[in-house]
Amino acid sequence: MRITALAGGVGGAKLAHGLAQILPPEDLTIIVNTGDDFEHLGLYICPDLDTVCYTLAGLANPQTGWGRANETWNAMANLKRLGAPDWFNLGDSDLATHIERTRRLKEGQTLSQITRDFCKAWGVKHTVLPMSDQPVRTIVETEEGDLPFQEYFVHRKCEPRVKGFRFEGADVAEPAPGTREALQSAEAVVICPSNPWVSIDPILRVLSLTLSPLRPPSPLPLGEGKGGWGEGVRVAVSPIIGGQTVKGPAAKMFSELGIEPSALAVAKHYGALLTGFVMDETDAQLREEVRGLNMRVLVTNTLMQSLDDRMQLASEVVNFIREAI
Ligand code: FO1
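Residues numbered from 1 in each chain as written. Predicted model: local features only at pLDDT ≥ 70, side-chain atom pairs only at ≥ 80, totals over all residues. Heavy atoms only, no water.

What follows deals with the confidence of the model for the protein. Overall, the predicted model of the protein reaches an average pLDDT of 93, with 93% of residues at or above 70. This stretch, residues 210–228, has a pLDDT under 50; its non-local contacts, to residues over four places away or in other chains, come to 53 contacts. (pLDDT = per-residue confidence, 0-100. Contact = heavy atoms within 4.5 Å.)

As structure tokens, then:
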């Protein structure tokens, strides 16, 4: 069964990894958010893309979920000594990725070409695509002013209260080569348990996929976007369990935007985009309300603490999709 997954950082990478364990390479494409990308210390850094690739390659740091396992920090310590900004932690092995990516981009190669080559070098067999080869920048609108995403997320530790988000460049950025085809040919699209506001919405916006009619702006009717959206099954896995996020600020963002954080709020956020929704057993009492949004519901364990959990959730999601086809 051909699946295209949309993913942001750590949570999305875990489910993508589970799916990659049970689906052959030709049956899984992962489209990754690049709205978090930024330039730092003269280097072009793609945190979500690297998190997904490192995770699929078995190279990710198991403690943080981002960066590399068995990392050393000599360059960072020396940069700090020289007075360089040290709020964004770049390990020695990870730095090699950013240095080589920056060199190739300067030579004129595209982010998708570079990602394909890096995946080959790391032994990643499934297809990982950036959402676009052109820059899109997530800006977090906060009570303390507008902040570029990494400035908000890492430097300011998600402390400023959010008022909204915008994705600079998203309206003119072309979906990366292969993304349209992956969406159109997929029997199912899986929205991984990533932050809906800052990890998934930028992908939907670039691919001009319709957001819930409840949530303006609603760019284009289903299937008519730049990316196109096949008629298949579309399932999201909730990143919110029992009103809280496993990692990251999604629940805090819902609250600050005046929405009670819950799996139901996530289902409403995607709304008409979805034909199915997967949420944790903790939230079983919300099942009927989510069903009322006109989507099928799977209630299961969605907390991925081990590789077994990732594979278990992935196979339940695949079975849930099979039942719908
Ligand atoms: N997240 C942090 O909270 N602190 C860091 O210092 C940090 C460094 C970092 C370096 C490379 C990389 O690929 C990711 C890194 N992240 C760090 C994670 C990243 O910024 C966020 O997880 C994503 O952008 C949100 O999805």
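Now that the structure is up, let's keep going.
Time to look at the side chain of Ser 199. On the secondary structure map, Ser 199 appears in helix α8 (residues 196–206). When residues no more than four places from it in sequence are discounted, the contact partners of Ser 199 are Gly 8, Gly 9, Asn 33, Asp 48 and Ser 194. (Helix = DSSP H or I, 4+ residues; strand = E, 2+ residues; numbered from the N terminus.)

What follows is about the site of the ligand. With respect to spatial proximity, 14 residues lie near the ligand, and among them Asp 36, Asp 48, Phe 88, Asn 89 and Gln 150 are the closest. With respect to the ligand, the side chain of Asp 48 contributes an N or O atom lying 2.8 Å from an oxygen atom. Within the complex, 90% of the 540 Å² of free accessible area of the ligand lies under protein. Looking at the shell around the ligand, the elements that each hand over two or more residues are α2 (47–57) and α6 (149–155). Residue classes in the shell around the ligand are distributed as eight nonpolar, three polar and three charged. (Near = heavy atom within 4 Å. Polar contact = N/O pair within 3.5 Å; in protein donor to acceptor, adjacent residues only side chain to side chain. Areas by Shrake-Rupley, 256 points an atom, 1.4 Å probe, with all protein chains shown as cover. Nonpolar A, V, L, I, M, F, W, Y, C, P; charged D, E, K, R; others polar.)

The next point concerns the environment of Ser 112. Position of Ser 112 among the secondary structure elements: in helix α5 (residues 111–122). Ser 112 gets classed as buried once you look at its relative accessible area, which sits at 9%. Spatially, the C-alpha atom of Ser 112 lies 21 Å from that of Lys 14, the residues being 98 residues apart in sequence. Setting aside anything within four residues of it in sequence, one finds Ser 112 in contact with Pro 130, Asp 133, Ala 176 and Pro 177. (Buried < 20%, exposed > 50% of the residue type's maximum accessible area, 1.4 Å probe, protein only.)

Turning next to the sheet that holds strand β7 (residues 145–148). Pairing within the open sheet is antiparallel, and its three strands lie in the order β7-β6-β8. Edge positions in the sheet fall to β7 and β8 (162–168), since each of these pairs with one other strand and no more. Across the sheet, the mean angle from the axis of one strand to that of its neighbour is 25°, orientation sign disregarded. Looking at chain direction, strand β6 (residues 137–142) and β8 are connected through six bridges and run antiparallel. Pairing of Thr 142 across the sheet is with Val 162, part of β8. (Pairing = 2+ DSSP bridges. Axes fitted to C-alpha atoms, helices over the stretch in contact; angles between N-to-C directions.)

Time to look at the sheet that holds strand β1 (residues 3–7). One open sheet holds the seven strands; their spatial order is β5-β2-β1-β9-β10-β13-β14, and the pairing between them is parallel. The strands lining the two open edges of the sheet, one partner per strand, are β5 (127–130) and β14 (296–300). Neighbouring strand axes in the sheet, compared pairwise and without regard to direction, differ in orientation by 20° on average. Pairing of strand β13 (residues 276–280) with β14, which is carried by five bridges, proceeds in the parallel orientation. Note on β14: the bridge partner recorded for Val 278 is Leu 298.

For Ile 45, the position within the fold is in strand β4 (residues 43–45). Residue classification places Ile 45 among the buried residues on the basis of a relative accessible area of 1%. Non-local contacts of Ile 45, meaning those with residues more than four positions away in its chain, are made with Asp 37, Phe 38, His 40, Phe 88, Leu 90, His 98 and Arg 101.

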